[in-house]
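The chain contents come next:
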Amino acid sequence: MKKFFQFEELGTNYRREFIGGLTTFLAMAYILVVNPITLSLTTVPDLPDAMRMDYGAVFVATAIAAAVGSLLMGLIAKYPIALAPGMGLNAFFAYTVVLTMGISWQNALGGVLVSGLIFILLTLSGLREKIINSIPAELKYAVGAGIGLFITFIGFQNAGIIVNNDAVLVGLGDFTQGPVLLAIFGIIVTVILMTRGFNAGIFIGMVITAVVGMIFGLISPPSGIVGAVPSLEPTFGAAFGAFGDSSFYTTEMLVVILTFLFVDFFDTAGTLVAVANQAGLMKGKVLPRAGKALFADSCATVTGAILGTSTTTSYIESSSGVAAGARSGFAAVVTAGFFLLSIFFFPLLEVITAPVTAPALIIVGVLMVSALGNIDWTKFEVAVPAFLTIISMPLTYSIATGIAIGFIFYPITMIVKGRAKEIHPVMYFLFVIFVLYFVFLH
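Residues numbered from 1 in each chain as written. Predicted model: local features only at pLDDT ≥ 70, side-chain atom pairs only at ≥ 80, totals over all residues. Heavy atoms only, no water.

Where an unreviewed UniProt entry is consulted, the protein chain appears under the name NCS2 family permease, with the organism given as Cytobacillus spartinae. Taken verbatim from the UniProt record of the protein chain, the Subcellular location (unreviewed entry) comment is "Cell membrane". (UniProt positions renumbered as here; feature names shortened; annotations may be inferred.)

So this is what it looks like as structure tokens:
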């Protein structure tokens, strides 16, 4: 085992890898709660049951997809990087594709499955890295920052801090309401923990908020700690049903699939480089076993779609495990084990309500908008498409629309500026795709 994971070469041992794997799990354990709430649209009232995914099934799918993805990353790529259904992509899945576009969650899962299969083909052919490189860095950063704002907006909504206002569209909620005050308390506690450098600050903040909610009678205590594993039947294999639905073969679905592709492209590439560099695993500017890492990520997405969850991707929270000493794929295997173990603690999720998860969404948004500092705002031809990408996501309540607007304006501003030769042919193709998206949107 030590030889397989190269403990000696990496200067690590079982204890360090175990602690690193556990730290990573604690840092990203919030997804076990946030993902089922997001995909089942629990916080959205008065929706037909047909639009909601089964909460229990999504919880199991989330845990298994995270376990499989982390296991593949640990065994195939041998990196201390864990995977799980991605934040941002799950919000796009639920709030944009299902809630706004009116696409069934079964067809949305089919879109995730297709994007995962395309990932595998692109990875095996070596084209995935080339496509990533064809998209300007500024737009990659803008997409990440825009998703961060979108997730934060959803968090404020779920907490009741931001509510509908017919006069000005949005306004402040009622700060005398218990759930709103609980969410604010959770935000403050989580900010303090993260500021003090707690690797599992988001998860610990959720636990403290839930306990306080129970003390003040805002949350009902759980019916148990360990219980029966919920059935996967409501979601397992539902993605395959999309291929028999004629509404799946539309321009709208093509844009959905492309969005799943782009966002996972950026997430995975950025996370792999960042964590590997932190762990000292980079060889100059080259990421060893990059193809294997991308393949593991792609397979995890396909597995997650079949089980019944949105795109599974590499998590930047893995950096907390690296900070705790993780250096090899064994840490990812340890994280996978904890995700599998968590399946048996489903009853505990009864205490995780919208005010408890809202702080996690808001803090994740804060972490994602840090990409703004990497954009050169002094170049107007770059600043315009980047800004429109970022601002359009929360204002239109659609990640896809934000990407489309930014990718349409980029060729326009660059051509007018006289920098047409710097535009990759792929960007012209995407320009046409997104123009068609708006033409056929209604």
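So much for the structure itself; the text now carries on.
A. Inspection of helix H18 (residues 425–439) at higher detail. Spanning 15 residues, H18 covers 22 Å between terminal C-alpha atoms, matching the ideal 21 Å at 1.5 Å per step. Met427, Leu430, Ile433, Phe434 and Tyr437 are the residues of H18 that are buried. The arc that holds every buried residue of H18, seen down its axis, measures 120°, which confines them to one face. What points out from H18, more than 90 degrees from its buried face, is the exposed set Pro425, Phe429 and Val439. (Helix = DSSP H or I, 4+ residues; strand = E, 2+ residues; numbered from the N terminus. Expected span 1.5 Å × (residues − 1). Buried < 20%, exposed > 50% of the residue type's maximum accessible area, 1.4 Å probe, protein only. Arc of directions from axis to C-beta.)

B. Examining the packing of aromatic side chains more closely. For the coordinates displayed, the defined rule picks out 19 aromatic pairs. Between Tyr14 and Phe330, the ring centres sit 5.4 Å apart and the planes meet at 75°, which makes this aromatic pair edge-to-face. Here the residue Tyr14 occupies a position in helix H2 (residues 14–28), and Phe330 occupies one in helix H14 (residues 329–342), the gap between them amounting to 316 residues. Residue Phe330 is classed as buried on the basis of its relative accessible area, which comes to 16%. Judged by centre distance (5.0 Å) and plane angle (80°), the rings of Phe25 and Phe339 are edge-to-face. Placement of the pair is Phe25 in helix H2 and Phe339 in helix H14, with a sequence separation of 314 residues. Residue class for Phe25 comes out buried when judged on its relative accessible area of 10%. We classify Phe339 as buried; its relative accessible area is 0%. Among the aromatic residues, those joined into a ring-pair cluster are Phe4, Phe5, Phe7, Tyr14 and Phe330. The ring of Phe4 carries the charged tip of Lys78 above its face, separated from the ring centre by 4.1 Å. The side chain of Arg289 reaches across the aromatic face of Tyr79, ending 4.6 Å from its centre. (Phe/Tyr/Trp six-rings, centres within 6.5 Å; stacked < 30°, edge-to-face > 60°. Lys NZ or Arg CZ within 6 Å of the ring centre and 35° of its normal.)

C. A look at the pattern of salt bridges. Under the criterion given, the structure shown has three salt bridges. One continuous salt-bridge network, built from bridges that share partners, spans Glu381, Arg419 and Glu422. (Salt bridge = Lys/Arg side-chain N within 4 Å of Asp/Glu carboxyl O.)

D. Representation of the packing of helix H9 (residues 178–195) against helix H10 (residues 201–215) within the structure. Where H9 meets H10, the axes come as close as 9 Å, and the angle between the chain directions of the two elements is 145°. Between H9 and H10 lies a crossing of right-handed hand. Each of Leu182, Phe185, Gly186, Val189, Thr190, Leu193 and Met194 in H9 lies in contact with H10, whose residues at this interface are Gly201, Ile202, Ile204, Gly205, Ile208, Thr209, Val212 and Gly213. Within the contact of H9 with H10, the residues separate by chemical class into nine nonpolar, six polar and no charged. (Axes fitted to C-alpha atoms, helices over the stretch in contact; angles between N-to-C directions. Left-handed = near helix turned anticlockwise from the far one by under 90°. Contact = heavy atoms within 4.5 Å. Nonpolar A, V, L, I, M, F, W, Y, C, P; charged D, E, K, R; others polar.)

E. Spotlight on the pairing of strand E2 (residues 162–165). As judged from the four bridges shared by E2 and strand E3 (residues 169–172), these two strands associate in the antiparallel manner. Bridged to Asn165 within E3 is Leu169. Between E2 and E3, which pair antiparallel in sequence order, lie three residues. (Pairing = 2+ DSSP bridges.)

F. Main features of the environment of Ser247. Its location among the elements puts Ser247 in the loop between H10 and helix H11 (251–278). With a relative accessible area of 36%, Ser247 lands in the partly exposed category. The sequence separation of Ser247 and Leu10 amounts to 237 residues, and the corresponding C-alpha distance is 51 Å. Beyond its immediate chain neighbours, meaning those up to four positions away, Ser247 contacts Asn107 and Met253. At 3.2 Å, the side chain of Ser247 and the side chain of Asn107 are in polar contact. At 2.8 Å, the side chain of Ser247 and the side chain of Asp245 are in polar contact. (Polar contact = N/O pair within 3.5 Å; in protein donor to acceptor, adjacent residues only side chain to side chain.)

G. Structural context of empty space enclosed by the protein. This model, assessed by the stated rule, comprises two cavities of 30 Å³ or more. Its volume calculated, the largest cavity comes out at about 40 Å³. Thr38, Met87, Gly88, Asn90, Ala91, Ile151, Ile154 and Leu361 together form the lining of the largest cavity. Of the residues that constitute the lining of the largest cavity, the class distribution is five nonpolar, three polar and no charged. Taken together, Gly20, Gly21, Thr24, Pro80, Ile81, Ala82, Ala326, Ala331, Ala332 and Thr335 make up the full set of residues lining the second largest cavity. Only H2 and H14 provide two or more residues apiece to the lining of the second largest cavity. Residues of the lining of the second largest cavity, tallied by class, amount to six nonpolar, four polar and no charged. (1 Å grid on protein atoms, 1.4 Å probe; cavity = no way out; pocket = protein on both sides within 12 Å on 5 of 7 lines; lining within 4 Å. Points joined across faces, edges and corners; volume = space filled by probe spheres on them.)

H. Expanded view of the layout of surface pockets. Computed from the structure, the second largest pocket encloses a volume of approximately 450 Å³. Lining the second largest pocket are 21 residues, with Val33, Phe203, Val207, Leu348 and Leu349 positioned closest to its centre. Looking at which element gives the most residues to the lining of the second largest pocket, the answer is H10, with six residues. Taken together, the residues of the lining of the second largest pocket break down into 20 nonpolar, one polar and no charged.

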